[in-house]
Amino acid sequence: VQLQACGGGLVQTGGSLRLSCAASGRAFSNYAVGWFRQAAGKERELVAALSRSGAMTEYADSVKGRFAISRDNAKNTVYLQMNSLKPEDTAVYYCAACERLLDMVVLRSTSYHYWGQGTQVTVSS
């Protein structure tokens, strides 16, 4: 599967952005998905994860209550709605996918086999 992320940009503190990740290739509904981010000089970290069906989610503590991950399997697309953005949310955001037989969230970056190219999110203070 190939992933194409978009929707990043420059936003002021408190603003919102919605990232999209379009998938092409094999049956997207067979894949658990996640959004990761990497700030300058820091390691890549999980932001949010979503199971195949969309029934299960997991969020980093730093984004709980502000971000929401969702998917539309009919459109082969994953979304990350980001509200109440803070300067510390500034990073390159990546979508990722991995095929799973079970409906489960996947938390480790090393478990993901497919990655999008990244989209820059910059939050100004």
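For the structure, check the block above.
Residues numbered from 1 in each chain as written. Predicted model: local features only at pLDDT ≥ 70, side-chain atom pairs only at ≥ 80, totals over all residues. Heavy atoms only, no water.

**Q** I would appreciate a short explanation of the state of the cysteines in the present structure.
**A** If you walk through the whole model with that rule in mind, you get one disulfide. Sulfur-sulfur distance for the disulfide between C21 and C95 comes to 2.1 Å. A torsion of 65° about the S-S bond marks the disulfide between C21 and C95 as right-handed. Within this pair, whereas C21 is found in strand β3 (residues 17-24), its partner C95 is found in strand β9 (residues 91-99), the two being separated by 74 residues in sequence. Relative accessible area serves as the criterion here: at 2%, C21 is assigned to the buried category. (Disulfide = S-S within 2.5 Å. Helix = DSSP H or I, 4+ residues; strand = E, 2+ residues; numbered from the N terminus. Buried < 20%, exposed > 50% of the residue type's maximum accessible area, 1.4 Å probe, protein only.)

**Q** What's the story with the side chain of S51 in this structure? I'm lost.
**A** Note that S51 resides in the loop between β5 (45-50) and β6 (57-59). Setting aside residues up to four positions removed in sequence, S51 forms contacts with A32, M56, R71, D103, M104 and V105. (Contact = heavy atoms within 4.5 Å.)

**Q** Would you mind showing me how to read unusual backbone geometry here?
**A** Phi is mostly negative for residues that are not glycine, and the peptide bonds are mostly trans. Look at N76: it is not a glycine, yet its phi comes out positive at around 55°. Of note, N76 is situated in the loop between β7 (67-72) and β8 (77-82). At S84, a residue that is not glycine, the phi angle is positive and equals roughly 50°. S84 gets classed as partly exposed once you look at its relative accessible area, which sits at 40%.

Everything listed here is a matter of coordinates, which is why it stays silent on function.
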